[in-house]
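Structure assessment
Listed below are the residues making up each chain.
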Amino acid sequence: MSQASKHVAWCLKKAEKELEECKKEGKRPKHRGLLKINPNTDEAKNHIKKAEHNLDAALNFVKTGFSDWSASAFFYSMYHCFLAIAVKFGYESANQTCTIALIEYLKEEGKINIGQEFIEMFRYQEDETEKEESIIEMREDYTYSAKISMNKEKIKELTQKCRNLIDSTREIVLE
């Protein structure tokens, strides 16, 4: 059993347990894991639209001098692609690490064909020189630091990566 499949199994149990606790306590159903649902291509398409919307936001932030906010918009553009794939295969995610594990698991199982570089962009990097390749670390860095502008080359690179991931996601969702 791979690390990704173990993580997905843990995320499914986590959501189930949290939903049971909500029910016992009379609270609205809420979880921070993965829930198995009916596959929903329409909702997957909506996540692709949201990914495109977030990419547009990232580019508009650049145009208006707020490129530091582009990091978050690029991140969520890519993340909504992962959510689109998740819902296409019948999963609801309420946890970023669970979503990433699910995408890795679906790739390992041969259910999706997606570049490994997209999965790697959502990992924390041990090596300081690779830190700039992690979209999750970029989002955190630009959100919590005093930086107010992003490198133009990095913006070009992330724009292209978002477009590529949106295209790959569209192929997966519409196949």
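Please refer to the structure higher up on the page.
Residues numbered from 1 in each chain as written. Predicted model: local features only at pLDDT ≥ 70, side-chain atom pairs only at ≥ 80, totals over all residues. Heavy atoms only, no water.

Inspection of every chain in the model, using the stated rule, returns 6 aromatic pairs. With a centroid separation of 6.4 Å and 40 degrees between ring planes, the pair formed by Phe61 and Trp69 is classed as tilted. Classification of Phe61 by relative accessible area gives partly exposed; the value is 27%. The positively charged end of Lys36 is found above the aromatic ring belonging to Tyr91, 4.2 Å away from the centroid. Here the guanidinium or amino end of Lys147 rests over the ring plane of Tyr142, the centre of that ring lying 5.3 Å away. (Phe/Tyr/Trp six-rings, centres within 6.5 Å; stacked < 30°, edge-to-face > 60°. Buried < 20%, exposed > 50% of the residue type's maximum accessible area, 1.4 Å probe, protein only. Lys NZ or Arg CZ within 6 Å of the ring centre and 35° of its normal.)

As a further point, take the environment of Gly115. Position of Gly115 relative to the elements: it lies in the loop between helix H4 (96-108) and helix H5 (116-120). Between the C-alpha atom of Gly115 and that of Ser168, which follows or precedes it by 53 residues, the distance is 8.6 Å. (Helix = DSSP H or I, 4+ residues; strand = E, 2+ residues; numbered from the N terminus.)

This part takes up the state of the cysteines. For the structure shown, the criterion picks out 1 disulfide. Across the disulfide from Cys11 sits Cys98; the S-S distance is 2.0 Å. Taking the sign of the torsion about the S-S bond as the criterion, the disulfide between Cys11 and Cys98, at about -85 degrees, is left-handed. Of this pair, Cys11 sits in helix H1 (residues 3-25) while Cys98 sits in helix H4, and the two are 87 residues apart along the sequence. When sorted by exposure, Cys11 lands in the same class as Cys98, which is buried. Looking at Cys22, it has no disulfide partner, and the nearest cysteine sulfur is the one in Cys98, 16 Å off. (Disulfide = S-S within 2.5 Å.)

So, on to helix H6 (residues 135-144). Here H6 has its buried residues at Ile135, Ile136, Glu137, Met138, Arg139 and Tyr142. The secondary structure elements touched by the buried residues of H6 are helix H3 (67-88), H4 and helix H7 (152-174). (Contact = heavy atoms within 4.5 Å.)

Taken as a whole, this structure holds 10 salt bridges when the rule is applied. Here Glu25 ties to Lys27 by a salt bridge, and the two come within 3.1 Å at their closest N and O atoms. The residues Glu25 and Lys27 share a single accessibility class, namely exposed. With a shortest N-O distance of 3.1 Å, Glu157 and Lys161 are connected by a salt bridge. Taken together, the positions of Glu157 and Lys161, both in helix H7 and 4 residues apart, correspond to about one turn of that helix. (Salt bridge = Lys/Arg side-chain N within 4 Å of Asp/Glu carboxyl O.)

By size, the foremost hydrophobic cluster in this structure holds 48 residues, and its most contacted members are Phe74, Met78, Phe82, Leu102, Ile114, Phe122 and Ile135. Sorting the residues of this core by element identifies H1, helix H2 (41-63), H3, H4, H5, H6 and H7 as the ones contributing at least two each. Considering every element that reaches this core, the biggest residue donor is H3, with 13 residues. Those residues within four positions of Met78 in sequence are excluded, and the remaining contacts are Phe118, Met121, Phe122, Ile135, Lys161, Cys162 and Leu165. (Core = buried A, V, L, I, M, F, W, Y, C linked by side-chain atoms within 4.5 Å.)

Time to look at the packing of H3 against H4. Between H3 and H4, whose axes approach to 10 Å, the crossing angle comes to 60 degrees. It follows that H3 is oblique to H4 by the angle criterion. Once H3 is placed against H4, the crossing between them reads as left-handed. On H4, the residues that touch Phe75, Tyr76, Tyr79, Phe82, Leu83, Ile85 and Ala86 of H3 are Gln96, Thr99, Ile100, Leu102, Ile103 and Leu106. Split into classes, the residues belonging to the contact of H3 with H4 amount to 11 nonpolar, 2 polar and no charged. (Axes fitted to C-alpha atoms, helices over the stretch in contact; angles between N-to-C directions. Parallel < 35°, antiparallel > 145°, perpendicular 65-115°, else oblique. Left-handed = near helix turned anticlockwise from the far one by under 90°. Nonpolar A, V, L, I, M, F, W, Y, C, P; charged D, E, K, R; others polar.)

On their own, these measurements won't tell you what the molecule is for.
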